[in-house]
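Residue-level listing of the chains:
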Amino acid sequence: MNNVKVVFFNIPAYGHTNPTLQVVSELVSRGHDVRYYSYDMMKKSIEMAGAQFVSCDQCDFQSQLSKDEITRVGKDIVLSTNVLVNTTLALDGMIFADMKEYHPDCIVSDSMALWGKLIALKLNIPYICSTTTFAFNQYSSKMLKYTFKEMISLMFSTRKANKILKKLVDKGYPIDNILSIISNDNHTDTIVYTSKMFQPYSDTFSDKYEFVGPLIRKLDYQVERSKQKTIYISLGTVNNQFLSFYNHCIEAFENTNYDVIISIGNYLNIEDLKPFSNHIKVERFVNQMEVLQCCDVFITHCGMNSVNEALYYGVPLVLFPQTPEQNVVAKRVEELEAGIYLKNNSVIEIKNAVEKILNQSKYQTNAICISQDFHQCLGAKQAAD
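What you see as residue numbers is a count from 1 along each chain, following the sequence as written. Per-residue local features of the predicted model are confined to residues with pLDDT of at least 70, and side-chain atom pairs are confined, for both listing and counting, to 80 or more; whole-chain, interface and lining totals are unaffected and use all residues. The side-chain quantities take in all heavy atoms of the structure and omit both hydrogens and water.

### Notes on the overall build of the protein chain
Alright, step 1. In terms of regular secondary structure, the protein chain is built from 15 helices and 13 strands.
Alright, step 2. Buried means the residue's accessible area, taken with a 1.4 Å probe over protein chains only, is under 20% of the maximum for its type, while exposed means over 50%, and partly exposed covers the values in between. For the protein chain, buried positions account for 52% of its 385 residues.
Alright, step 3. We call two residues in contact when some of their heavy atoms are within 4.5 Å. A separation threshold of at least 6 residues defines the contact pool for the protein chain, and within that pool the share at least 24 residues apart is 63%.
Alright, step 4. For the protein chain, the exposed surface amounts to about 18,100 Å²; the carbon and sulfur share of it is 50%. In this description a helix means any DSSP run of H or I spanning at least four residues, a strand means any run of E spanning at least two, and both kinds are numbered starting from the N terminus. The method behind every accessible area is Shrake-Rupley, applied with a 1.4 Å probe, and residues are considered shielded solely by the protein chains displayed.

Structure representation (structure tokens):
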């Protein structure tokens with residue numbers, strides 16, 4: 001293949017960016033030219049992968065949201081549409097000037113960086129969707145299982161979102177409605193960063209979908225395991241403001257001989273937690289790749305990236321999802337019997353779930369089975385192809 005120019009767009013989130021970096025490196029190693037529109041927090045990683053970085057920080061409306069709004073992004077369709085419209089309009093002038101000068105052969109954008117898709121449609125540039133969650137169609141979407149009240153709310157929210165989109169229509173973007181932008185279809189080339197085995201209803205997707213497996217950042221050193229069982233607890237970097245949940249975890253494992261590692265993120269103060277013993281370590285952030293190589297159970301919010309990473313290393317899960325999409329991931333892990341879904345976050349429920357996983361070998365056996373499937377995927381080479 002001759003040298004091609006590829007443009008990437010993404011959102012300011014490590015879980016959405018990191019899987020693409022191996023694809024960038026693969027494309028660059030083949031002699032292709034990659035330009036990556038993202039945010040300054042990702043600059044170093046993107047440049048290390050070999051791409052030309054272009055800052056979109058001046059258009060980062062997500063970072064201007066309140067803590068409450070940040071937790072609602074992805075759940076509140078009106079709020080998410082506002083972020084989409086404002087970002088796209090802010091990028092409009094800069095991007096179109098760049099595209100006319102650069103003449104890319106294709107645009108790859110994250111499924112949540114919808115401005116990349118809109119720009120590709122407006123300029124009639126071949127488009128590839130990069131999906132770090134499960135792919136959703138009419139079959140897999142049923143797993144979201146909205147209640148009647150949620151469905152009514154969604155209907156009204158969709159109408160409001162479609163009105164907000166008129167600003168983009170007035171700018172020449174070819175949009176019918178919000179669902180036509182956010183939904184997967186069988187005609188769009190799509191890279192999905194999981195395996196066909198793990199993707200629900202994978203046989204209902206067309207051959208336009210490439211299930212390349214999770215692209216995991218591998219360590220070039222071995223991590224020494226503790227002699228004790230190790231429990232890792234993290235609710236990710238966004239929906240993680242649950243002081244009572246962390247306190248329940250501390251209470252559940254206070255009088256055990258487990259090594260416990262808790263990552264609480266940026267928003268909470270460690271001083272506000274209950275007092276804890278030396279075998280419990282609480283950090284703002286940890287090197288998750290290190291921890292997963294030496295832990296026995298992971299209590300997780302079920303973000304796709306975290307679940308992929310855990311299962312890649314054969315770690316069974318205790319499942320505590322916070323959004324409809326995370327709930328689908330949790331249900332899939334539960335279906336494959338590689339984890340246990342928490343009915344609630346009580347002390348006894350958390351402790352019982354962990355002990356059940358440690359005492360019943362099927363959970364680790366099934367996690368290892370998924371791990372073996374992940375390792376057989378072709379990864380970045382398949383995505384680049």
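Further notes follow.
### Brief notes about the packing of helix 9 (residues 243-253) against helix 13 (residues 347-359)
Alright, step 1. Between the N-to-C directions of two axes lies an angle of 0 to 180 degrees, each axis being a line fitted to C-alpha atoms and, for a helix, fitted only over the stretch in contact. Where helix 9 contacts helix 13, the axes come no closer than 8 Å and their chain directions differ by 60°. One element, helix 9, and the other, helix 13, form an angle in the oblique class. Between helix 9 and helix 13 the crossing geometry is right-handed. Every residue of helix 13 that contacts helix 9 at Phe245, His248, Cys249, Glu251, Ala252 and Phe253 is listed here: Val347, Ile350, Lys351 and Val354. Each angle is binned into one of four classes, with values under 35 degrees roughly parallel, values over 145 roughly antiparallel, values of 65 to 115 roughly perpendicular, and all other values oblique. A clockwise turn of the near helix away from the far one marks a right-handed crossing, whereas an anticlockwise turn of less than a right angle marks a left-handed crossing.

### Overview of the pairing of strand 11 (residues 297-300)
Alright, step 1. Of the two faces of strand 11, both are covered, the one formed by Val297 and Ile299 as well as the one formed by Phe298 and Thr300.
Alright, step 2. Inspection of the sheet shows strand 8 (residues 230-234) paired to strand 11 by four bridges, in the parallel sense. What sits directly across from Ser234, in strand 11, is Thr300.
Alright, step 3. By definition, two strands form a pair when at least two bridges between them are found by DSSP. Direction of pairing for strand 11 relative to strand 12 (residues 317-319): parallel, over a ladder of three bridges. Bridging across to strand 12, Thr300 finds its partner in Leu319.
Alright, step 4. On the question of chirality, the crossover connecting strand 11 to the parallel strand 12 by way of helix 11 (residues 304-312) is right-handed. Handedness is read with the strands pointing away from the viewer; a crossover is right-handed when the path from the first strand over the helix to the second is clockwise.

### Section: the packing of helix 11 against helix 14 (residues 362-376)
Alright, step 1. Orientation of helix 11 relative to helix 14, taken along the N-to-C sense of each, is 100°, at an axis distance of 7 Å. Looking at the two axes, helix 11 sits roughly perpendicular to helix 14. Residues Asn308, Leu311 and Tyr312 of helix 11 form the contact with helix 14, whose participating residues are Ala367, Ile370, Ser371, Phe374 and His375.
Alright, step 2. Here the contact of helix 11 with helix 14 is composed, by residue class, of five nonpolar, three polar and no charged. Amino acid classes used here: Ala, Val, Leu, Ile, Met, Phe, Trp, Tyr, Cys and Pro are nonpolar; Asp, Glu, Lys and Arg are charged; the rest, including Gly, are polar.

### Topic: the sheet that holds strand 4 (residues 106-110)
Note: strands within a sheet are paired through backbone hydrogen bonds, in either parallel or antiparallel orientation.
Alright, step 1. Across the sheet, seven strands lie side by side as 3-2-1-4-5-6-7; this open sheet has parallel pairing. The open sheet has two free edges, formed respectively by strand 3 (52-55) and strand 7 (209-211), since each of these has just one partner strand. Here the strands of the sheet are splayed against their neighbours by 20° on average, with no regard to which way each runs.
Alright, step 2. Pairing of strand 1 (residues 5-9) with strand 2 (residues 33-38) involves five bridges; the strand directions are parallel. Paired with Phe8 across the strands is Tyr36, a residue of strand 2.

### Description of helix 13
Alright, step 1. An ideal rise of 1.5 Å per residue puts 18 Å on 13 residues; helix 13 measures up with 18 Å between its terminal C-alpha atoms.
Alright, step 2. Three or more residues of helix 13 are buried, namely Glu349, Ile350, Ala353, Val354 and Ile357. Down the axis of helix 13, the smallest arc covering the buried residues is 125°, so these residues share one side. In helix 13, those exposed residues whose orientation departs by more than 90 degrees from the buried face are Ile348 and Asn359.
Alright, step 3. Of the surrounding secondary structure, the elements contacted by the buried residues of helix 13 are strand 8, helix 9, strand 11, strand 12, strand 13 (339-341) and helix 14. To estimate how far a helix should extend, the number of its residues minus one is multiplied by 1.5 Å. Think of it as the arc spanned by the lines of direction from the helix axis to the C-beta atoms.

### As for the pattern of salt bridges
Alright, step 1. We count a salt bridge whenever a side-chain nitrogen from Lys or Arg sits within 4 Å of a carboxyl oxygen from Asp or Glu. According to the stated counting rule, one finds eleven salt bridges in the structure shown.
Alright, step 2. Among the ionic pairs, Lys43 bridges to Glu47, the shortest N-O distance being 3.1 Å. Linking Lys43 with Glu47, this pair stays in helix 2 (residues 43-48), spanning four residues, or about one helical turn.
Alright, step 3. Relative accessible area serves as the criterion here: at 35%, Lys43 is assigned to the partly exposed category.
Alright, step 4. A salt bridge links Asp296 to Arg225; its shortest N-O distance comes to 2.8 Å. Of this pair, Asp296 sits in the loop between helix 10 (288-292) and strand 11 while Arg225 sits in the loop between strand 7 and strand 8; the two residues are 71 residues apart in sequence, bridging distant segments of the chain.
Alright, step 5. Here the salt bridges share partners, and the residues they tie into one network are Glu26, Arg30, Lys381 and Asp385.

### Quick look at the sheet that holds strand 9 (residues 259-263)
Alright, step 1. In space, the six strands of this open sheet follow the order 10-9-8-11-12-13, with parallel pairing throughout. In the strand order of this sheet, the two ends are held by strand 10 (280-283) and strand 13, each with one partner. Here the average twist between neighbouring strands, direction ignored, is 15°.

### Quick look at the confidence of the model for the protein chain
Alright, step 1. Residue-level confidence of the predictor is summarised by pLDDT, bounded by 0 at the bottom and 100 at the top. Overall, the predicted model of the protein chain reaches an average pLDDT of 85, with 86% of residues at or above 70.
Alright, step 2. Per-residue pLDDT, averaged within each element of the protein chain, yields its smallest value for helix 3 (residues 67-72) (58) and its largest for strand 12 (98).
Alright, step 3. Here residues 147-152 is a poorly scored stretch, pLDDT under 50, and it has two contacts once near neighbours within four places are set aside; other chains count.

### Description of the packing of aromatic side chains
Alright, step 1. Aromatic pairs are defined between Phe, Tyr and Trp rings, using the six-membered ring for Trp, whenever the two ring centres lie within 6.5 Å; interplanar angles under 30 degrees are classed as stacked, those over 60 as edge-to-face, and all others as tilted. In total, this model carries twelve aromatic pairs according to the counting rule given.
Alright, step 2. Seen in terms of ring centroids, Phe8 and Tyr36 are 5.2 Å apart; in terms of plane orientation they differ by 15°. Their pairing is stacked. Within this pair, whereas Phe8 is found in strand 1, its partner Tyr36 is found in strand 2, the two being separated by 28 residues in sequence.
Alright, step 3. Given a relative accessible area of 2%, Phe8 falls into the buried group.

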